[in-house]
Number of protein chains: 2
Amino acid sequence: MNIGEIAKRAGVSRSTVSYALSGKRTVSDNTRQKIQRVIDELGYRPNASARALANGRTSTIGLVFPPAGDHYTGMQLDFIGSVVEAAATHDYDVLLSPSGVDSDRSFQRLLGERRVDGAILMEIRLEDDRVDHLAALGFPCVAIGRTAHPENGWWVGLDHTALAAACVRHLADLGHRTIAFVNRPETLLRTGYESARRGLEGFTKAAAERGLTVRTYCCGDDAASGQACLEQILHDEPATTALVTLNEAALGGIYRGLAQADRHVPRDFSVTGVVAGRWAETVTPQLTAADVPAEEMGRRAVELLMERLDRPDATPRHHLLVPPISLRASTGPAGLPGKAEVPASAPFPQS
Amino acid sequence: MNIGEIAKRAGVSRSTVSYALSGKRTVSDNTRQKIQRVIDELGYRPNASARALANGRTSTIGLVFPPAGDHYTGMQLDFIGSVVEAAATHDYDVLLSPSGVDSDRSFQRLLGERRVDGAILMEIRLEDDRVDHLAALGFPCVAIGRTAHPENGWWVGLDHTALAAACVRHLADLGHRTIAFVNRPETLLRTGYESARRGLEGFTKAAAERGLTVRTYCCGDDAASGQACLEQILHDEPATTALVTLNEAALGGIYRGLAQADRHVPRDFSVTGVVAGRWAETVTPQLTAADVPAEEMGRRAVELLMERLDRPDATPRHHLLVPPISLRASTGPAGLPGKAEVPASAPFPQS
DNA sequence: TTGAAAGCGTTACCAA
DNA sequence: TTGGTAACGCTTTCAA
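Owing to the predicted nature of the structure, the values given are computational and were not obtained by experimental measurement.

A.B. asks: Please clarify how helix H4 (residues 48-55) of chain A should be interpreted in this entry.
C.D. replies: Spacing of three or four residues puts side chains on the same side of an α-helix, whose turn is 3.6 residues. Residue and element names in this part refer to chain A. Those residues of H4 that fall on the buried side of the exposure criterion are Ala48, Ser49 and Ala52. All buried residues of H4 fall inside an arc of 100° around its axis, so they share one side. N-cap assignment for H4: the residue whose side-chain oxygen lies 2.7 Å from the backbone N of Ser49 is Asn47. Two residues or fewer after H4 comes Gly56, characterised by a positive phi angle close to 75°.

A.B. asks: Is there a simple way to explain the domain arrangement of chain A in this structure?
C.D. replies: How big an interface is tends to be reported as the loss of accessible area on association of its parts. When its domains are assigned, chain A resolves into domain 1 (3-55), domain 2 (60-158 + 294-323) and domain 3 (160-292). For domain 1 of chain A and domain 3 of chain A, the distance between their C-alpha centroids amounts to 60 Å.

A.B. asks: Any chance you could explain the protein's contact with DNA strand C here in plain terms?
C.D. replies: Of all residues adjacent to DNA strand C, which total 29 residues, the nearest are Ile3 and Ser18 of chain A together with Thr16, Arg25 and Thr31 of chain B. Sugar and phosphate atoms represent 54% of those atoms of DNA strand C found within 4 Å of the protein. Interatomic distance of 2.5 Å between a side-chain N/O atom of Arg25 of chain B and a base oxygen of DNA strand C. Contributing elements (two or more residues each) for the surface near DNA strand C: helix H2 (14-22) and H4 of chain A together with helix H2 (14-22) and helix H4 (48-55) of chain B. Its residues assigned to classes, the surface near DNA strand C comprises ten nonpolar, twelve polar and seven charged.

A.B. asks: Would you mind showing me how to read the interface of chain B and chain A here?
C.D. replies: Each partner contributes to the interface: chain B provides 49 residues, whereas chain A provides 49 residues. Taken together, the two surfaces of chain B and chain A that pack against each other cover about 4,300 Å², and 51% of this comes from carbon and sulfur. Its largest share of buried area at the contact with chain A, chain B owes to Arg45, Asp93 and Arg256 of chain B, together 15% of the area lost on that side. Here Arg109 of chain A makes a salt bridge to Asp91 of chain B, at a shortest N to O gap of 3.3 Å. Where chain B meets chain A, there are 22 residue pairs in polar contact (both at pLDDT 80 or more). Elements with a minimum of two residues in the side of chain B that touches chain A: H4, strand S1 (60-65), helix H5 (74-89), strand S2 (93-98), helix H6 (105-112), helix H12 (251-260) and helix H13 (277-280) of chain B. In terms of residue class, the side of chain B that touches chain A is built from 22 nonpolar, 15 polar and twelve charged. Both strand S2 (residues 93-98) of chain A and S2 of chain B contribute to a ladder of three bridges, which runs antiparallel. If you follow Leu96 of chain A over to S2 of chain B, its bridge partner there is Val94 of chain B.

A.B. asks: So what exactly am I meant to see when it comes to the protein's contact with DNA strand D here?
C.D. replies: Around DNA strand D sit 28 residues, and of these Thr16 and Arg25 of chain A together with Ile3, Tyr19 and Tyr44 of chain B come closest. The contact atoms of DNA strand D, taken as those within 4 Å of the protein, divide so that sugar and phosphate hold 51%. At 3.2 Å from a base oxygen of DNA strand D is found a side-chain nitrogen or oxygen belonging to Ser15 of chain A. The contact in question runs from a base oxygen of DNA strand D to an N or O atom on the side chain of Arg25 of chain A, over 2.5 Å. Elements supplying a minimum of two residues to the surface near DNA strand D: H2 and H4 of chain A together with H2 and H4 of chain B. Residues of the surface near DNA strand D, tallied by class, amount to ten nonpolar, twelve polar and six charged.

A.B. asks: I'm lost on the relation of the copies chain B and chain A in this one. Help?
C.D. replies: A rotation about some axis, followed by a shift along it, carries one copy of the chain onto the other. Rotating chain B by 180° and translating it 0.0 Å along the rotation axis places it on chain A, where the RMSD comes to 0.1 Å. The symmetry that links the two subunits is that of a two-fold axis. When the interface residues of chain B are mapped onto chain A, 100% of them again lie at the interface, so the same face is used by both copies.

A.B. asks: I'm lost on the sheet that holds strand S12 (residues 325-326) of chain A in this one. Help?
C.D. replies: Picture the strands of a sheet paired through backbone hydrogen bonds; they go either parallel or antiparallel. All names here are of chain A. The strand order S7-S6-S8-S9-S10-S12 describes an open sheet built from six strands, whose pairing is mixed. In this open sheet, the two strands that pair with only one neighbour each are strand S7 (213-218) and S12. Docked against the sheet, helix H10 (residues 194-209) engages strand S6 (178-183), S7 and strand S8 (242-245), running at close to 175° with respect to S6.

A.B. asks: Would you explain the sheet that holds strand S8 (residues 242-245) of chain B in this entry?
C.D. replies: All names here are of chain B. Taken in spatial order, the six strands line up as S7-S6-S8-S9-S10-S12 in an open sheet, and their pairing is mixed. Strand pairing shows two members of the sheet lacking a second neighbour, strand S7 (213-218) and strand S12 (325-326), which therefore form its edges. Taken together, the four bridges between S8 and strand S9 (residues 270-276) define a ladder with parallel strand orientation. By the bridge assignment for S9, Thr245 is matched with Gly273. Against the sheet, helix H10 (residues 194-209) engages strand S6 (178-183), S7 and S8, with an angle of about 175° to S6.

A.B. asks: Where do I start with helix H8 (residues 160-173) of chain A in this structure?
C.D. replies: Residues and elements named next belong to chain A. Given a rise of 1.5 Å per residue, 14 residues ought to cover 20 Å, and the 20 Å separating the end C-alpha atoms of H8 matches this to within 8%. Judged by how many residues are buried, H8 sits mostly within the fold: ten of 14 residues are covered. Of the residues making up H8, those classed as buried are His160, Thr161, Leu163, Ala164, Ala165, Cys167, Val168, His170, Leu171 and Ala172. Where H8 ends, the next residue or the one after it, Gly175, has phi of about 100°, a positive value.

Each value, and the rule that gives it
Residues numbered from 1 in each chain as written. Chains lettered and ligands numbered in written order. Predicted model: local features only at pLDDT ≥ 70, side-chain atom pairs only at ≥ 80, totals over all residues. Heavy atoms only, no water. Buried < 20%, exposed > 50% of the residue type's maximum accessible area, 1.4 Å probe, protein only. Helix = DSSP H or I, 4+ residues; strand = E, 2+ residues; numbered from the N terminus. Arc of directions from axis to C-beta. Polar contact = N/O pair within 3.5 Å; in protein donor to acceptor, adjacent residues only side chain to side chain. Domains from an automatic or database assignment. Near = heavy atom within 4 Å. Nonpolar A, V, L, I, M, F, W, Y, C, P; charged D, E, K, R; others polar. Contact = heavy atoms within 4.5 Å. Buried area = accessible area lost by both parts, 1.4 Å probe. Salt bridge = Lys/Arg side-chain N within 4 Å of Asp/Glu carboxyl O. Pairing = 2+ DSSP bridges. Least-squares fit on C-alpha atoms with pLDDT ≥ 70 in both. Axes fitted to C-alpha atoms, helices over the stretch in contact; angles between N-to-C directions. Expected span 1.5 Å × (residues − 1).

Structure representation (structure tokens):
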């Protein structure tokens, strides 16, 4: 079943069928109807490969994200979902590529073989060879995340520096003086993963400004690591009364560790961080956090990419988002060291 | 940059380049090296659309799953991840299609336009028009899930009936007499979503066999709904001492509701169900559950599909998995109604 | 061991 | 308003 067959049965030429379908040339009502009847009857749909070959567009975008070492985090997965849905509203399909670096086979296939019209890159590193490569090629892409040199790029990012800093200030305002930072796994930090780096930077700077005592930790992306990390924190500095985390997968473990150490949240210990909203709400008490607007970010990335595909010479655009901290139930005034309880409404003690 | 250019620079014909690349015809070492040099130098990769058009294979598989109403559950997302990674090991890319029914635009594109060589279907309904349609077409596909008539199909499924029943028996063995079932949302149950239907069936049947008192509930896929559902359960029947759930997204809310009702898990109340392992481990106490082996299921589905693509006339194969219940910390012996505590080692009371 | 040429199913240009 | 035809970039058959 191909366009020639349709043309024959409708008694017209192939080009007329093509134009009737695309609308790029006027076709008389009469013939259009004739053609449509045949198409409906035979359930014809033009072959995507042939079309892509002829007009150079695949109507597909690539979504590039690193292979999960062990598993994907909820946030990563939220991005995937939102990108797919946003693309669908533009009648684009999404081709997934589990590629962390430039040299991955899948990445090469996607771009080298022209399987996609454009790409969305996730899990950006501050120095990211995928971004550099694509930029050098002039290949249409939008990053979810921001490299160290984002000036002329297309991206939608989160201001992790500001977000982590806001968390610190929130804790400092509540009177906490000794706090910890629970980051993503060390390999991610070392490879320059953006949120891990910028989050750490924001945390460190804000804590210094407020003169807080801090310790920073890396933590595996799972509950067991979270629990172990918390135990380490209390072991290293029992006076710690609060922490900031970027690691939503560890969150359940952190809470568990706190419970086992008999630190009640938020009475004895405050927890906050940067986490997708729906994950923040699954823990008890619900996490006060800067909610990562994954859905919005995915949607915006797609919109940016569509714009770029429509006008290849458009000037680079981007969105830097700074979602506010959602006050939920996991933070409270710092208790006096040694005292068990402080009424929630009491002015916090200054040491 | 195309094959003709490579041929010209290497001083051979296009067919020779093609054969050098595919290995489908012997090429002298000498010319092969000449060709390879040019290819490396220019970074040439054959165009995927042209190749697909010429040989009828796209080297892409479609992954079909319903659009998230509100968001995706962790399990859905685990499937996506595992399918993508498994496909990558076979050098296949994955095209995502958010399609719940046959008539979705995206589904039509995928199949009608021959964008993919085969498909993997997720979120199967007992009567699923996508499965029927594909089967009628003889289109290579593998379902993750099992319809009401799975005899001649290709699929990898979970025995939800047996799993839910095992949960019930586990609770009954611990002495629980009044238990509840927390299912997925009502719309899913009504539309015949497999795990919701078979899970409910298994629960009901096993409970009847053991003469238990039961109530069944549907519950939204989020923490707030879980909490509300639990309150309803205790309101409807305060004597309830345990529940079985398929709804991992509601789990956090269920725990929260239990805590607020002052029911300690597992001392006063036992919770179990069918949930992906890593989610079971994020809650405290960790959930005793039949762990959904999402990674294995995704991998097996891809393997089955590869097999089917290789041998189009192979006889249908499938895997029905029945993972054991992982004993963790959320279930314990039923307490006597009105009594607060029962030593874990005590024989459970028979009423 | 290699080359020439005919597809694969569209699109879009050039004529009419 | 329409038809004929040359691309698009590859694979594969047929010949040499």
